[in-house]
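Observations on chain architecture
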Amino acid sequence: MEYAFVLEKLILVTVIFLITLGIAAYSTLAERKIAGFIQGRVGPHRAGPWGMFQPLADGGKMFFKEEIIPAESNRFLFIAGPSLALLTASIGSAVIPWGRALTIGGRTIELQVTDINVGLLYIFGVVSLGVYGIMIGGWASNNKYSLMGAIRAASQNISYEIAMGLSIIALLMVTGTLSLKGIAAQQDGFWADGWFTWNVFKQPLSFLIFIVCAFAECNRTPFDLPESENELVAGYHTEYSGFKLGAFLFAEYINMFVSSAVMSTLYFGGYNFPFMHDLGLSENVVAILGVLALFAKIFFFIFFFMWIRWTIPRFRYDQLMNLGWKTLIPLAIANIVITGIWMTVKDLI
Amino acid sequence: MNLFYLIAFLSVFFSLLVIFSKNPVYSVLYLIITFFTFTIHYVLLNAQFLAIVNFIVYMGAIMVLFLFVLMLLNLNKDSEPLKSNIVKIAGVVAGMCLLVTLAGSVKALNVSDPLVLKNPDIGLVQNLGKVLFKDFLLPFEVSSILLLAAMVGAVLLAKKDPKKV
Amino acid sequence: MSFSERIYLPSILKGLAITFKHIFKKRETIFYPEQERPVSENWRGLHSLKRDEKGRERCTACGLCALACPAEAITMVAAERKKGEEGLYREEKYAAVYEINMLRCIFCGLCEEACPKEAIYLDGPIVEADYLRKDFIFGKDKLVEAPLKS
């Protein structure tokens, strides 16, 4: 192991972690601002200019609130739940390629923590682990509403994972690789060989299924049944207060950030942007612009998550299950078949 | 190699905890950790695809269902049925029989040659896919039919005939 | 349902378009402490005990307001005007103590209607929140209008 290599990765991990936390913190502000704008209000505006310090104030409030652990709860698991939720949410970003390689003084620096060749499946695994935090926390609270929320979360996540996996298979048939770096590199530029290079134009149905499943996996409206407050008080985090509650809420925003990054990378070209090679800029400048492009896409998706939240009402539980099992899974399988036929026909011609 | 011993120790340790913990939910949680150590074993063997599939399917799906069922059952000391002495003796006898069988079969085994893989990259997705879809195509498809049959059977069992009820 | 209704996507897109338009609409927010909403003509807020054009208190402590009050929020102690206090009180009898319990008051305005001397009006702002019950009993120090400047 080279020391420079270790140092490089260490810096990258730290920077990505801090960016993740920062974006998650400011997503809470953005959510309230966007909610305000859509409802003809202004949102938080007292803490600093445009409410810029609101996340700090919220964080401070969370820290200083009383931590309540219910007497009949399982103490260890009660604490383990939110910690696990936060952990699984933040390790997902390890395989996302944030940009093209930078070259500084003859050294190539990859803007990706690690490029494992099953990167996509890794994200999938991390997502499927995400439900444990909610389940353990909900069960350990020893509260009916929490348990109901936990059970809803578990069944919802398992159901939508299947549709998500099937939708990705169609995408993988086109890309032929599981490495996110490879997938991002294939979507170079914007236009090549008479068609768009971005996967959303090659697999629109797959993208549609994926984004619906991403909403369900992140427990976001219209699929936020695990915490639907008009039925279950607050769902799995009914008994939580103080910083442990904050950890659960924070995990949701981190999940939103990571899934936005995954969607941008898989379907919207990742760090690629139109005319990236025609501007006559040096490779490093293109790489940095690419990082900015990726973040612009991520911000758009985070905005989209919030936009949907203030537009569509919550699904009923049977509607959720019907949509997952009877609509999305058959659609995803049909998409695989169509993609297979199309690829065979294209090879024959 | 030291890493292997550490992980192997952890696997054995957590699988023992699965058996010895009284709370069934703890058992399942220990089982999840055990599966996680298996995932690390697969990674050490350079079988990345198997590792990640073990991670997704066992840790992410099957164990979630286990936990799901156990949380609904809410097993504790009060609801646990009393076990008579005959059941306990039968359990001990059955366990001993299993132990003897295992010991005998281990004794019958020869010490295998140190495993040398002809192709160390066989565990990577691409190579594994080629092997599965070229050399072992028939068994692969037959097993998929088996899974389909199991699924149809489960649906049939779960779905009651409305006329008979 | 038709096909387009069943796939639900067109209606989602329509909804998204509507909410997106709302982002650019005028904000309805009034920034309260700095900016106050105009109140209607028959608004009833905090009471004020009026003075006449010479700056004398109009109240004569007749007790009609206390009688009219359905919530029994008003108490008063009457006193006789001494020599030399003609500049302070208009009538020969005045209210030495005049208290309204703001937690009891329902802001119905009956005291205003009952007053024969036009001494009490409910033309003030909203009563502010406080921590202790005793602080909601407003005496003359808070109710009487500021003296005229001359």
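Now for a look at the structure at hand. (Residues numbered from 1 in each chain as written. Chains lettered and ligands numbered in written order. Predicted model: local features only at pLDDT ≥ 70, side-chain atom pairs only at ≥ 80, totals over all residues. Heavy atoms only, no water.)

**A short note on the overall build of chain B**
- The helix and strand tally for chain B stands at six helices and zero strands.
- N-terminal to C-terminal, the α/β element order of chain B is α-α-α-α-α-α.
- Taking all 165 residues of chain B together, 19% fall into the buried category.
- The contacts in chain B between residues at least 6 apart in sequence include a share of 54% that link residues at least 24 apart.
- Accessible surface, chain B as shown: approximately 12900 Å² in total, 75% of it carbon and sulfur. (Helix = DSSP H or I, 4+ residues; strand = E, 2+ residues; numbered from the N terminus. Buried < 20%, exposed > 50% of the residue type's maximum accessible area, 1.4 Å probe, protein only. Contact = heavy atoms within 4.5 Å. Areas by Shrake-Rupley, 256 points an atom, 1.4 Å probe, with all protein chains shown as cover.)

**Looking at the packing of aromatic side chains**
- Enumeration according to the criterion identifies 36 aromatic pairs over all chains in this entry.
- Note on tryptophan 198 of chain A and phenylalanine 268 of chain A: the rings are 6.3 Å apart at their centroids and 65° apart in plane angle, and the pair reads as edge-to-face. Note that tryptophan 198 of chain A is positioned in the loop between strand E4 (195-196) and helix H7 (199-202) and phenylalanine 268 of chain A in the loop between helix H10 (242-267) and helix H11 (283-309), a separation of 70 residues in sequence.
- The exposure class assigned to tryptophan 198 of chain A is buried, which follows from its relative accessible area of 9%.
- With relative accessibility at 21%, the residue phenylalanine 268 of chain A sits in the partly exposed group.
- Seen in terms of ring centroids, phenylalanine 14 of chain B and tyrosine 30 of chain B are 6.1 Å apart; in terms of plane orientation they differ by 25°. Their pairing is stacked. Of this pair, phenylalanine 14 of chain B sits in helix H1 (residues 2-20) while tyrosine 30 of chain B sits in helix H2 (residues 24-44), and the two are 16 residues apart along the sequence. (Phe/Tyr/Trp six-rings, centres within 6.5 Å; stacked < 30°, edge-to-face > 60°.)

**Examining the interface of chain A and chain B**
- Facing the 23 residues of chain A at the interface are 22 residues of chain B.
- Roughly 2000 Å² of surface becomes buried between chain A and chain B when both sides are summed, with 80% attributable to carbon and sulfur atoms.
- Seen at the junction of chain A and chain B, the total is zero salt bridges.
- The tally of links between chain A and chain B comes to two residue pairs in polar contact (both at pLDDT 80 or more).
- Ranked by residues supplied to the side of chain A that touches chain B, first place goes to helix H4 (residues 119-140) of chain A with twelve residues.
- Of the residues in the side of chain A that touches chain B, the class split is 17 nonpolar, five polar and one charged. (Buried area = accessible area lost by both parts, 1.4 Å probe. Salt bridge = Lys/Arg side-chain N within 4 Å of Asp/Glu carboxyl O. Polar contact = N/O pair within 3.5 Å; in protein donor to acceptor, adjacent residues only side chain to side chain. Nonpolar A, V, L, I, M, F, W, Y, C, P; charged D, E, K, R; others polar.)

**Considering the arrangement of the chains**
- Sorting the two pairs of chains in contact by contact count puts chains A and B at the top.
- For chain B and chain C, which are not in contact, the least C-alpha distance works out to 27 Å.

**What to know about the interface of chain C and chain A**
- Chain C puts 16 residues into the contact, and the matching count from chain A is 16 residues.
- At the boundary of chain C with chain A, total buried surface from both sides reaches about 1400 Å², with 72% on carbon and sulfur atoms.
- When residues of chain C are sorted by the area they lose upon contact with chain A, Leu16, Thr19 and Arg27 of chain C head the list and together hold 35% of the total.
- Here chain C and chain A share one salt bridge between them.

**Some remarks on the nonpolar core**
- Core analysis: the largest hydrophobic core is formed by 116 residues, its most contacted members being Trp98 and Leu266 of chain A.
- Top contributing element to this core by residue count: H4 of chain A, with 14 residues. (Core = buried A, V, L, I, M, F, W, Y, C linked by side-chain atoms within 4.5 Å.)

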